[in-house]
Amino acid sequence: LLAGGGEVLLTGPHPVDDPESAEAAALLRGFGLTAENREGGVVFRFVAAPAAVPAPPNSSNLLPLWVCLAIRAQGDAPGVPNDGSAACVALEEFREHLHLDKSAGPAVPWVCPDGFWGMAYALAAFIRSGLRLVNPNLVADTAPAFWSVFNRLPTPPNPALPPAKEKENDAPPVRRRVVAD
C-alpha cells in the first residue's frame, strides 16, 4: 500500500476490542485507507490521498506507522513537538537517517530503538532505497514472520532506476530493500 496503492488482505482475527487497534484503524482511515472485515481477515484498500496529514497517534507503537504514511502522503515526515521522549528522539533519528532529499548521500546505518521503528524503516525502503539497519533482530523479536513476508513483497516500479540486467544463472533473485549491517 505504501508503494503504490492497491489492497492487502491480513489473515487472522482482528482485535476489535483493543483501544490501540481502534486507534490504528482511525489512523489508516485518516491516510485514505479503508478496512473491511471479511471472513478470515481484514482487507485494507487505498482509496484516496488525504488533503492533510492527520495528527500523530497517542500510541508510541503507532508513531512509526504514522511517519511512513505521512512520508507517503507528502514526501516527508512532519516533525512533532520534541518533548524529549524516546518516541520523539526516535522520530528525529528516523527522519535524519532516511535522507529523503538525498542531499546527504547514502543512508547511514541506523540502530532502531525497537521493532516497530525497524518495521517502519523497512517500509520506508519502498520510498528511499539503500537503507541499512544495524539491528534487524528487534523486528524479528516483535514480529517473527516480518522479514520472511517483507522479502517476498514485489518490488514496485521505479522510473528513476535503469532496467534490471538479466542474470546468467537460474538463481532466484534476492530481495533486500533493507540491508542488515
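Remember, it's a predicted structure, so these values are computed and weren't measured experimentally.

## With respect to helix 1 (residues 19-30)
Then, in step 1: Helix length check: helix 1, at 12 residues, gives a terminal C-alpha distance of 17 Å against a target of 16 Å (1.5 Å per residue), a fit within 8%.
Then, in step 2: Buried within helix 1 we find Ser 21, Ala 24, Ala 25, Leu 27 and Leu 28. Along the long axis of helix 1, the arc covered by the buried residues comes to 160 degrees, so they all point the same way. Turned more than 90 degrees away from the buried face of helix 1, the exposed residues are Pro 19 and Arg 29.
Then, in step 3: The secondary structure elements touched by the buried residues of helix 1 are strand 2 (33-38), strand 3 (41-46) and helix 2 (63-74).
Then, in step 4: Of the residues flanking the end of helix 1, it is Gly 32, one or two places downstream, whose phi is positive at about 90 degrees.

## Observations concerning the confidence of the model for the protein
Note: predicted coordinates in regions of low pLDDT should not be interpreted at a detailed level.
Then, in step 1: Averaged over the protein, the pLDDT score is 79; the fraction of residues at 70 or greater is 76%.
Then, in step 2: Ranking the helices and strands of the protein by mean pLDDT puts helix 5 (residues 137-142) first, with 93, and strand 5 (residues 178-180) last, with 69.

## Let's talk about the side chain of Asn 135
Then, in step 1: Its location among the elements puts Asn 135 in the loop between strand 4 (131-133) and helix 5.
Then, in step 2: A polar side-chain atom of Asn 135 sits 2.9 Å from the main-chain carbonyl oxygen of Cys 112.
Then, in step 3: Asn 135 has contacts with Trp 110, Val 111 and Cys 112, leaving out every residue within four places of it along the chain.

## Quick notes on the pairing of strand 3
Then, in step 1: Sheet topology note: the strand 1 (residues 7-11)/strand 3 ladder contains 5 bridges and is antiparallel. Bridge pairing links Leu 10 to Val 42 in strand 3.
Then, in step 2: For strand 2 and strand 3, the ladder comprises 6 bridges, and the chain directions are antiparallel. What sits directly across from Asn 37, in strand 3, is Val 42.
Then, in step 3: In this structure, the hairpin formed by strand 2 and strand 3 is closed by a connection of 2 residues, where Gly 40 is found at a positive phi of approximately 90 degrees.

## Overview of the packing of helix 2 against helix 4 (residues 115-124)
Then, in step 1: Relative to each other, helix 2 and helix 4 sit at 15 degrees, their axes nearing to 8 Å. Compared by their axis directions, helix 2 and helix 4 come out roughly parallel. Once helix 2 is placed against helix 4, the crossing between them reads as right-handed. Across the interface between the two elements, Leu 63, Pro 64, Val 67 and Cys 68 from helix 2 touch Phe 116, Trp 117, Ala 120, Leu 123 and Ala 124 from helix 4.
Then, in step 2: The class makeup of the residues in the contact of helix 2 with helix 4 is 9 nonpolar, no polar and no charged.

## With respect to the pattern of salt bridges
Side-chain pairs of opposite charge can arise where the charged atoms are in close proximity.
Then, in step 1: In the structure shown here, the tally under the stated rule is 3 salt bridges.
Then, in step 2: Through salt bridges with shared partners, one network takes in Glu 36, Arg 38 and Arg 45.

Criteria and cut-off values
- Residues numbered from 1 in each chain as written.
- Predicted model: local features only at pLDDT ≥ 70, side-chain atom pairs only at ≥ 80, totals over all residues.
- Heavy atoms only, no water.
- Helix = DSSP H or I, 4+ residues; strand = E, 2+ residues; numbered from the N terminus.
- Expected span 1.5 Å × (residues − 1).
- Buried < 20%, exposed > 50% of the residue type's maximum accessible area, 1.4 Å probe, protein only.
- Arc of directions from axis to C-beta.
- Contact = heavy atoms within 4.5 Å.
- pLDDT = per-residue confidence, 0-100.
- Polar contact = N/O pair within 3.5 Å; in protein donor to acceptor, adjacent residues only side chain to side chain.
- Pairing = 2+ DSSP bridges.
- Axes fitted to C-alpha atoms, helices over the stretch in contact; angles between N-to-C directions.
- Parallel < 35°, antiparallel > 145°, perpendicular 65-115°, else oblique.
- Left-handed = near helix turned anticlockwise from the far one by under 90°.
- Nonpolar A, V, L, I, M, F, W, Y, C, P; charged D, E, K, R; others polar.
- Salt bridge = Lys/Arg side-chain N within 4 Å of Asp/Glu carboxyl O.

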